[in-house]
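Architecture and fold: a report
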Amino acid sequence: MKEAGYYDEQSTDGVVVMVEPYSQKELIQQVVYRILDANLDRAREGLRIIEEWCRFGLNNAQLTGECKQMRQEIAIWHTAEIRAARDTPGDRGTELTHPQEEQRSSVKSLLQANLCRVQEALRVLEEYGKLYHPNMGTAFKQMRYRVYTLESNIMAYHRHQLLLRSHLYLVTSSSENLLATVEAALKGGLTLVQYRDKTSDDSLRLEQATKLSQLCHSYGALFIVNDRVDLALAVDADGVHLGQQDMPIAIARQILGPQRLIGGSTTNPEEMQKTIAEGVDYIGVGPVYATPTKPDKPATGLEYVSYAAKNSSIPWFAIGGIDANNINDLIDAGAERVAVVRSVMQAEQPTLVTQYLLSQLNRIKPQP
Ligand SMILES: Cc1ncc(COP(=O)(O)OP(=O)(O)O)c(N)n1
Ligand SMILES: Cc1ncsc1CCOP(=O)(O)O
Ligand SMILES: [Mg+2]
């Protein structure tokens, strides 16, 4: 880039011509055009990366269409005069990459990085665009808000899809081998984990939940926190599980927003109808069998499982006393999804138990 007041020299037919210096105004305009050019490209590239996941990963025409629409709207602003200001060899910024760009631990982190990149680019376009055209600032401000909504919709859709695909739910118990046991189950194909610890102090809970959240996300699995909305937010969990005596679902939804999952416990048909009406994403059904993990709750029996199979309009997980020996009784009663604590947390080989339970649940044909 030329500095203000610099003289260009051009040679035509051996004659050296002294060119008038660029005016300060023209030079600033060139710089603004280059900033706009780089950020128009950056915003479109980021959107394209997000669009590919919406199309091929999520198979969602509406989200794909929204990305495409924004890319096309951005392209209209990319005029010939802005493109003409491009100076790639002189752009020192092209060599700079962040170490995290070289390594992404999951599709989720890749999407978040690109959503962030698009939002930053749109913010730059909003500010510098005001110097280019009276409508550009407003146009890109509105688009930035559309990208926030897109982010929320993508994350919500991604989580719901994964929830629908999850047939085994591991609820943790206190264990010296907490992380190793959960990781062993993730290796066996587990995609849904709930952190449940009824006795530890908050500093240990925070430490364990932080590690588990990172672990689950690195395996592409959902991570839910039992009882505690604050802890769920603190560790970037995918949601929270609440019982009838826990925080009301409506308040949790207000705090968590629409993009995180909320699960609710139910022990009978009335609780089921009420909890579904409150807007949860899934329910627990049980304890089906009496269990030392939840000693004060009487068993509901398989009857309630059959009732859930016929009446639940949302995904539901049978829970309580379920293991490799009785899983097929649950399946016969209509369960397609189960949640377990002891059978995986206390297993000698959590990977194998996970694989076995999943293999039984995956044999179920989807209902027409
Ligand atoms: C999947 C699932 N279902 C039920 C429960 C039980 O929740 P709650 O009744 O709140 O009891 P606690 O787990 O908090 O003791 C659950 N955690 N998960
Ligand atoms: C948390 C909870 N809620 C209903 S039953 C239950 C515990 C199930 O534990 P286990 O799988 O060890 O019987
Ligand atoms: Mg609870």
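Bear in mind that the values here come from a model prediction, so they are computed numbers and not experimental data.

The number of helices and strands found in the protein chain is 15 helices and 10 strands. Counting over 368 residues, the protein chain shows a buried share of 33%. Taking contacts inside the protein chain between residues at least 6 apart in sequence as the whole, the part at least 24 apart equals 59%.

This part covers the site of ligand 1. In the vicinity of ligand 1, 17 residues are found, and the nearest of them are Gly243, Ser265, Gly284, Ile319 and Ala339. Residue assignment for the shell around ligand 1 shows that the elements contributing at least two residues are β3 (168-171), β7 (261-266) and β9 (316-319). Among the residues forming the shell around ligand 1, the class breakdown is five nonpolar, seven polar and five charged.

The next thing to look at is the sheet that holds β9. The strand order β3-β4-β5-β6-β7-β8-β9-β10 describes a closed barrel built from eight strands, whose pairing is parallel. The average undirected angle you get between the axes of adjacent strands in this sheet is 25°. By the bridge criterion, two bridges tie β3 to strand β4 (residues 192-195) in an arrangement that is parallel. In the strand pairing of β4, valine 171 is matched with glutamine 194. The strands touched by helix α10 (residues 249-256) are β6 (239-242) and β7; relative to β7, the strand with the most contacts, the crossing angle is about 165°.

With 55 residues, the main nonpolar core has Leu170, Val193, Val285, Phe317, Ala318 and Val338 as its most contacted residues. Sequence-distant contacts of valine 193, defined by excluding residues within four places in its chain, comprise Leu170, Thr172, Val182, Leu212, Cys216, Ala221, Phe223 and Ile224. Grouped together as the second largest cluster of nonpolar side chains are 23 residues, Leu36, Leu63, Leu111 and Leu125 included.

Our next topic: the domain arrangement of the protein chain. Where interface size is given, it is often the accessible area lost as the parts come together that is meant. We note that the domain assignment places domain 1 (24-160) and domain 2 (167-361) within the protein chain. Between the C-alpha centres of domain 1 and domain 2 the distance comes to 38 Å. With eight residues of domain 1 at the contact, the number on the domain 2 side is nine residues. Among the elements that take part in the side of domain 1 that touches domain 2, helix α6 (residues 136-165) stands out by supplying five residues, more than any other. Residue composition of the side of domain 1 that touches domain 2, by class: two nonpolar, four polar and two charged.

Moving on: the site of ligand 2. Taken together, 13 residues lie around ligand 2, and Thr291, Thr293, Gly320, Val341 and Arg342 are the ones closest in. Of the residues in the shell around ligand 2, the class split is six nonpolar, five polar and two charged.

Attention now moves to the pairing of β6. The alternating pattern of β6 places Gly239 and His241 on one face and Val240 and Leu242 on the opposite face, and all of these are buried. One ladder, built from three bridges, connects strand β5 (residues 222-226) with β6; its direction is parallel. Across the sheet, asparagine 226 pairs through a bridge with histidine 241, a residue of β6. Running through helix α9 (residues 229-234), the crossover from β5 to the neighbouring parallel element β6 is right-handed. Relative to β7, β6 runs parallel, the two being bridged by four bridges. Residue pairing in the sheet places valine 240 in a bridge with isoleucine 262 of β7. Tracing the backbone out of β6, into α10 and back to the parallel element β7 gives a crossover that is right-handed.

About the thresholds
- Numbers given for residues are sequential positions, taken from 1 along each chain in its written order.
- Chains carry letters from A onward and ligands carry numbers from 1 onward, assigned in written order.
- Two thresholds apply to this predicted model, a pLDDT of at least 70 for residue-level local features and 80 or more for giving and counting side-chain atom pairs, whereas whole-chain, interface and lining totals are computed over all residues.
- Secondary structure elements follow DSSP: runs of H or I of four or more residues count as helices, runs of E of two or more count as strands, with numbering from the N terminus.
- Counting other C-beta atoms within 10 Å of its own, a residue is labelled buried from 20 upward, exposed at 12 or fewer, and partly exposed in the gap between, with every C-beta atom placed from the backbone.
- A pair of residues counts as a contact when their C-beta atoms, built from backbone coordinates, are within 7 Å of each other.
- Residues are counted as near a molecule or strand when the C-beta atom, derived from backbone positions, lies within 6 Å of that molecule or strand.
- Asp, Glu, Lys and Arg are counted as charged, while Ala, Val, Leu, Ile, Met, Phe, Trp, Tyr, Cys and Pro are counted as nonpolar; the rest, among them Gly, fall into the polar class.
- Criterion used throughout: strands pair if DSSP finds at least two bridges between them.
- Here, axes are lines fitted to C-alpha atoms. For helices the fit covers the stretch in contact, and angles between N-to-C directions go from 0 to 180 degrees.
- For this analysis, nonpolar core means a set of buried Ala, Val, Leu, Ile, Met, Phe, Trp, Tyr and Cys residues linked through C-beta atoms within 7 Å.
- Segmentation of the chain into domains, including their bounds, is taken from an automatic or database domain assignment.
- Here a crossover is taken to be right-handed if, once the strands point away from the viewer, the path from the first strand over the helix to the second is traced clockwise.

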